[in-house]
Amino acid sequence: MVTLKELSYLSTEPDQFIDITEDVHAAVESSGVTDGLAAVILSHTTCGIVVNEGLPCVEKDLGAALDRIAPLDAPYAHAHFLPSYGATGNNSQGHIKSMITGNSCFFPVKDGKLVCGGAQNIYLAEFDGPQRRRIYVEVLGE
Amino acid sequence: MVIDMLVHPLLYGDIYKPGDGPEGFAFWEREYGMGHMGPMDWEEIEVELNAGDVQLSALMPIDATTASGGCFATNEQIAQIVAAHPDRFIGFASVDPHCPDAAEKLERAFRDLGARGLSLHPAKQGFAPDDPLAEPLYELCETYNRPVVFHAGMSWEPKAPLAQSHPLAFERTIMDHPNVRFSLTHFGWPWVRETVAMLLKYPNCYADTSITYLDSPEEMMSRLFTVDMGEHWFERSFSHQVMFASNTPRFRAFKLKRALDAVPMPDDVRELLYSGNALRFLNGEE
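Residues numbered from 1 in each chain as written. Chains lettered and ligands numbered in written order. Predicted model: local features only at pLDDT ≥ 70, side-chain atom pairs only at ≥ 80, totals over all residues. Heavy atoms only, no water.

**What about the overall build of chain A?**
- Scanning chain A from terminus to terminus reveals three helices and ten strands.
- The secondary structure elements of chain A, listed N-terminal to C-terminal, are β-β-α-β-β-α-β-β-α-β-β-β-β.
- Principal-axis analysis of the C-alpha atoms gives chain A an extent of 50 × 35 × 20 Å.
- Per-residue burial for chain A yields a buried fraction of 44% across its 142 residues.
- Across chain A, 9 positive and 18 negative side-chain charges occur, with their mean positions spaced 2 Å apart. (Helix = DSSP H or I, 4+ residues; strand = E, 2+ residues; numbered from the N terminus. Buried < 20%, exposed > 50% of the residue type's maximum accessible area, 1.4 Å probe, protein only. Lys, Arg positive; Asp, Glu negative; His and termini not counted. Charge placed at Lys NZ, Arg CZ, Asp CG, Glu CD.)

Shown next, in the form of structure tokens:
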């Protein structure tokens, strides 16, 4: 059995950690799958899926660490006008941070519930907002 | 408060129409020169505006009926968006000077649709700014105390020759109509110093900041205000004539605002850049 649910979020800041833990749990619990695997997958390239402890101080440190790796004022090759868009890119920070965090996470499903540790919050990590973002929760099992 | 003086609402979902007709999105993509972007709903637009502290945006249509077979948003579509969100938008009107009823349409837009000014893109619309065809339009702008936005300097739209958008191509018109306020968009880039000369010589001439065709917004704004211009030119010589503008959807307003926040300038001059000059341009001297 395979189920797929789409979740949609509208970020409101250029960089933002949006806690989607409850929504993912709910998607799994409503899937009808009792034992299997759940995948949380983004359909974008300038945001990420992060699993980490849900504390504001941790969010702040994660964001600051990513900023040190991909600072705003670095001379990015992508900082130019894109003829095929008719618009400027200028979002390499988002692409690099997205590469670091990855665009998915996976959890076991047991007895119809997502199996994850008490400190494992699931975030949509926005790196090029504000934007509307789509996340797919696919549950495979029986 | 920030006023964004150049927004083309071509990604606004409220006026989205599929297809390749004169108001269709595929027509806009081809003739305006954009791709890989889709319509946005009001929630998305609002958070984007809020991210840049943009309280008010001036929506610019372009009537390219003769040259391209349609409009990049009609005056009615602009009025529709403004009516839905009057606290966040003001609308300009555009008419095609080649059309015999251009002046009549413009007067109707001023009188009935609440248009706050005239948007003309001579290079794209295929006329010279000082062509007698356009004279009745400038006269109407003077009569109704409405400013004119000239799309000047480099614009990405196809079939819009650079030579026809050189800042000096607008000189005769601006000189001959001292009681009409004119803006040269994109700071006339790449002819920044020619635009500076126009600002110095003609107090009814304005320019805007929508010029991130190269580099990052931070690099481009720093270059505009400290390299292409001397670092004190703006505050010393034409502090009342440059307006914040993004040229959305080609550039994101909040990124341009972030870049301008980093350019050193006195607070009172920054306030003029972000909103004061736009109000003066829109309303005239109080």
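Next comes the rest of the write-up.
**Quick notes on the overall build of chain B**
- Per the secondary structure count, chain B includes 13 helices and ten strands.
- Relative to the compact-globule value of 19 Å for 286 residues, chain B shows a C-alpha radius of gyration of 17 Å, a close match.
- Once the C-alpha set of chain B is aligned to its principal axes, its extents read approximately 45 × 45 × 35 Å.
- By residue count, 60% of the 286 residues in chain B fall in the buried class.
- For chain B, the accessible area works out to roughly 10,600 Å², and carbon and sulfur atoms hold 52% of it. (Rg over C-alpha atoms; globule rule 2.2 N^0.38 Å. Areas by Shrake-Rupley, 256 points an atom, 1.4 Å probe, with all protein chains shown as cover.)

**As for the nonpolar core**
- Of all hydrophobic cores here, the largest spans 80 residues; its most connected members are L106, V148, F187, M221 and F225 of chain B.
- With residues near it in sequence (within four places) discarded, F187 of chain B still touches V192, T195, V196, L199, A207, D208, I211, L224, M229, F238 and V242 of chain B.
- Within the second largest apolar cluster, 22 residues are counted, among which are I18, C105, L124 and I135 of chain A. (Core = buried A, V, L, I, M, F, W, Y, C linked by side-chain atoms within 4.5 Å. Contact = heavy atoms within 4.5 Å.)

**Points about unusual backbone geometry**
- Cis geometry is found at the peptide bond from G129 of chain A to P130 of chain A, where omega equals -5°.
- Residue placement: P130 of chain A occurs in the loop between β9 (121–126) and β10 (132–141).
- If you check the backbone angles, D53 of chain B has positive phi at about 55° while not being a glycine.
- Summarising the element assignment, D53 of chain B is placed in the loop between α2 (42–51) and β2 (54–59).
- For F187 of chain B, which is not a glycine, the phi torsion comes out positive at approximately 55°.
- Here F187 of chain B is to be found in the loop between β8 (182–184) and α9 (192–201).

**Quick look at the pattern of salt bridges**
- Under the defined criterion, the tally for this structure stands at 24 salt bridges over all chains.
- The residue D128 of chain A makes a salt bridge to R252 of chain B at a minimum N-O spacing of 3.5 Å. Of this pair, D128 of chain A sits in the loop between β9 and β10 while R252 of chain B sits in the loop between β10 (242–243) and α12 (253–261), which puts the two residues in different chains.
- For K105 of chain B, the salt bridge identified is with D63 of chain B, shortest N-O distance 3.4 Å. (Salt bridge = Lys/Arg side-chain N within 4 Å of Asp/Glu carboxyl O.)

**Thoughts on the interface of chain B and chain A**
- Counting residues at the interface gives 26 residues for chain B and 22 residues for chain A.
- Interface of chain B and chain A: buried area, both sides summed, is about 1,800 Å²; carbon and sulfur atoms make up 57% of it.
- Ranking the residues of chain B by area buried against chain A places H36, V47 and W156 of chain B at the top, with a combined share of 24%.
- With a closest N to O distance of 2.9 Å, R132 of chain A and D41 of chain B form a salt bridge.
- In this structure, the connection of chain B to chain A is made through twelve residue pairs in polar contact (both at pLDDT 80 or more). (Buried area = accessible area lost by both parts, 1.4 Å probe. Polar contact = N/O pair within 3.5 Å; in protein donor to acceptor, adjacent residues only side chain to side chain.)

**So, the packing of aromatic side chains**
- On inspection of all chains with the given rule, the structure shows 20 aromatic pairs over all chains.
- Joined through ring pairs, the aromatic side chains of F81 of chain A together with W156, W189, Y213 and F251 of chain B make up one cluster.
- When the ring centre of Y32 of chain B is taken as reference, the NZ or CZ atom of R250 of chain B above it lies at 3.9 Å. (Phe/Tyr/Trp six-rings, centres within 6.5 Å; stacked < 30°, edge-to-face > 60°. Lys NZ or Arg CZ within 6 Å of the ring centre and 35° of its normal.)

**Considering the sheet that holds strand β2 (residues 16–19) of chain A**
Residue and element names in this part refer to chain A.
- Overall, antiparallel pairing links the three strands, which are arranged β2-β9-β4 in an open sheet. Each end of this open sheet is capped by a strand with a single partner; those strands are β2 and β4 (47–52). Neighbouring strand axes in the sheet, compared pairwise and without regard to direction, differ in orientation by 30° on average.
- Pairing of β2 with β9, which is carried by four bridges, proceeds in the antiparallel orientation. (Pairing = 2+ DSSP bridges. Axes fitted to C-alpha atoms, helices over the stretch in contact; angles between N-to-C directions.)

**So, the sheet that holds β2 of chain B**
Residues and elements named next belong to chain B.
- Across the sheet, which stays open at both edges, the three strands sit in the order β1-β2-β5 with parallel pairing between neighbours. Across the chains shown, the open sheet's two edge strands, defined by having one partner strand only, are β1 (2–7) and β5 (89–91). Neighbour-to-neighbour, the strand axes of the sheet open up by a mean angle of 20°, direction not taken into account.
- Packed onto the sheet, helix α13 (residues 267–283) meets β1 and β5 and runs at close to 60° relative to β1.

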